[in-house]
Amino acid sequence: MTRLIIDTDPGIDDAMALFAALASPELDVAGLTTVFGNVTVEVATRNALALLDIAGRADIPVARGATAPLAMDYLGAIPHIHGEDGLGDGGDLAEPSRPALDVSAAEFLCREAPGATILAIGPLTNLALALRLRPDLDTLVEQVVVMGGNALGPGNATPAAEANMWNDPEAADVVFGARWPVTMVGLDVTHQVLLPGDRVDAVTSGDTPTARLLARAIPLYRAFLTKASGQDGIYLHDPSAVAYLLAPGLFRTKRWPVRVETQGISRGKTWPNLGGTDDPAPPAWQGRPLVNVCVEVDAPGVLDLITARL
Ligand code: BDR
Ligand code: CA
């Protein structure tokens, strides 16, 4: 069984990823760490605790993380996608039954991540801060699976950048440059994993606490995509990273060194060196580790896997 820590900014697709992970016997969710992103870290932490209550897993610790990126102010929440409350504004949300731990997310990661896998589905600030606190952490963690980035195609927060990278490019560049094995589950694959409307209805029609939460959360997220692109459905960004953990064979990966742009109009863009480490690698990519970048996905397989778990 994989011991797993989920770093998250819940977030509607974060909630789906969390519920899918909790329903998976292959995964032992040992803790949640929270980060600003879709919402402030205060709201993200409240949501993480509330989601665990709803799933009947108030035994799982939650450590509150960064309030802002490493090198800039927090860009702000995105209520038109995730709601003011981060969970679709679909009615009252019960107050959590307990508070977060009194250690920071970075401290929690330093203590608990050795020997574990980190699933990072928000901006990568907490991971970068943990590496500052414990510089050998990247030699102790089993693997890091990141939902974020766009190796070969466009972004979603800007034409260049995916949202989790855009929210803290400096941190992302640290995480992709560290020694731990990293897999990037980015928009190259998650934009193919569209759960169509009729299958969204199937997920949200269940008579369970988690299905009822998704039924209050998903409509706003679904309406955003319909308004933006005319499609009826939702992208399973964060749940696709859970699918990678459960069934990596559903993805085809390439191993490239990855840099994250921190300047100008392309800030937040993930740049793989498609030539690998071949000599002469451009200086900015020299000496960088190879990241496992997902480039193709069996989308029907991921949809079946995630809907079965939900
Ligand atoms: C990512 O950004 C967030 O809005 C989602 O929760 C997901 O982690 C997709 O680009
Ligand atoms: Ca997220």
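Preceding this paragraph is the structure being described.
Residues numbered from 1 in each chain as written. Chains lettered and ligands numbered in written order. Predicted model: local features only at pLDDT ≥ 70, side-chain atom pairs only at ≥ 80, totals over all residues.

(A) Fine view of the overall build of the protein. Broken down by element type, the protein carries 12 helices and 12 strands. Here the C-alpha radius of gyration of the protein, 18 Å, is about what a compact globule of 310 residues would show, namely 19 Å. Based on the C-alpha atoms only, the size of the protein along its principal axes is roughly 60 × 45 × 40 Å. Taking all contacts inside the protein whose residues are at least 6 apart in sequence as the whole, residues at least 24 apart take part in 81%. (Helix = DSSP H or I, 4+ residues; strand = E, 2+ residues; numbered from the N terminus. Rg over C-alpha atoms; globule rule 2.2 N^0.38 Å. Contact = placed C-beta atoms within 7 Å.)

(B) Geometry of the nonpolar core. In terms of nonpolar packing, the biggest core is built from 105 residues, with Ala15, Ala21, Leu119, Leu127, Val146 and Val175 touching the most fellow members. Setting aside anything within four residues of it in sequence, one finds valine 175 in contact with Leu124, Leu127, Ala128, Val144, Val146 and Val182. (Core = buried A, V, L, I, M, F, W, Y, C linked by C-beta atoms within 7 Å. Buried ≥ 20, exposed ≤ 12 C-beta atoms within 10 Å, placed from the backbone.)

(C) Inspection of helix H10 (residues 209-229) at higher detail. Helix length check: H10 (21 residues) gives 31 Å between terminal C-alpha atoms against 30 Å at 1.5 Å per residue, within 8%. The largest bend in H10 comes to about 35 degrees, at isoleucine 218, with the proline proline 219 one to four residues further on. Within the sequence span of H10, burial applies to Thr210, Leu213, Leu214, Ala217, Ile218, Leu220, Tyr221 and Arg222. Where the residues of H10 are buried, they touch helix H1 (12-22), helix H2 (41-54), helix H3 (79-82), helix H9 (197-204) and strand S8 (233-235). Positive phi appears at glycine 230, one or two residues downstream of H10, with a value of about 80 degrees. (Expected span 1.5 Å × (residues − 1). Bend = angle between axes of the 7 residues up to and from the residue.)

(D) Local environment of the packing of helix H11 (residues 237-246) against helix H12 (residues 299-309). Contact geometry of H11 with H12 gives a least axis separation of 10 Å together with a crossing angle of 95 degrees. Comparing the axis directions of H11 and H12 gives the class roughly perpendicular. Here Pro239, Ser240, Val242, Ala243 and Leu246 of H11 come into contact with H12, specifically with Val302, Leu305 and Ile306. Among the residues forming the contact of H11 with H12, the class breakdown is seven nonpolar, one polar and no charged. (Axes fitted to C-alpha atoms, helices over the stretch in contact; angles between N-to-C directions. Parallel < 35°, antiparallel > 145°, perpendicular 65-115°, else oblique. Nonpolar A, V, L, I, M, F, W, Y, C, P; charged D, E, K, R; others polar.)

(E) A look at the site of ligand 1. Taken together, 13 residues lie near ligand 1, and Gly11, Asp13, Ala163, His237 and Asp238 sit nearest. Contributing elements (two or more residues each) for the shell around ligand 1: H1, helix H6 (163-166) and H11. Tallied by class, residues from the shell around ligand 1 come to three nonpolar, six polar and four charged. (Near = placed C-beta within 6 Å.)

(F) Up close: H12. Among all positions in H12, only Val302, Leu303, Leu305 and Ile306 are buried. What you see down the axis of H12 is that its buried residues fit within an arc of 165 degrees, all on one side. In H12, those exposed residues whose orientation departs by more than 90 degrees from the buried face are Pro300 and Ala308. The inward-facing, buried residues of H12 abut H1, strand S7 (194-196), H9, H11 and strand S12 (291-297). (Arc of directions from axis to C-beta.)

(G) Summary view of the sheet that holds strand S3 (residues 62-63). Taken in spatial order, the eight strands of this open sheet run S3-S2-S1-S4-S5-S6-S12-S9, and their pairing is mixed. Since the sheet does not close on itself, it has two edges, and those belong to S3 and strand S9 (251-256), each with one partner. The sheet contact formed by strand S1 (residues 2-8) and strand S2 (residues 27-34) spans seven bridges and is parallel. Bridge pairing links threonine 8 to threonine 34 in S2. Helix-sheet contacts for H1 involve S1 and S2, and the interaxial angle to S1 is about 165 degrees. (Pairing = 2+ DSSP bridges.)

(H) Focus on unusual backbone geometry. Here the amide bond leading from proline 10 into glycine 11 is cis, since omega sits at -10 degrees, within 30 degrees of zero. Of note, glycine 11 is situated in the loop between S1 and H1. Phi is positive for aspartate 89, which is not a glycine, with a value near 50 degrees. With respect to the helices and strands, the residue aspartate 89 is situated in the loop between H3 and helix H4 (105-112). Overall, the presence of 15 C-beta atoms within 10 Å leaves aspartate 89 in the partly exposed class.

(I) Layout of the packing of H1 against H10. At a closest axis distance of 9 Å, the pairing of H1 and H10 adopts a crossing angle of 150 degrees. Classified by the angle between their axes, H1 and H10 sit roughly antiparallel to one another. The hand of the H1/H10 crossing is left-handed. Mapping the contact onto sequence places Ile12, Ala15, Met16 and Phe19 in H1 and Thr210, Leu213, Leu214, Ala217, Ile218 and Tyr221 in H10. Per-class residue counts for the contact of H1 with H10 are nine nonpolar, one polar and no charged. (Left-handed = near helix turned anticlockwise from the far one by under 90°.)

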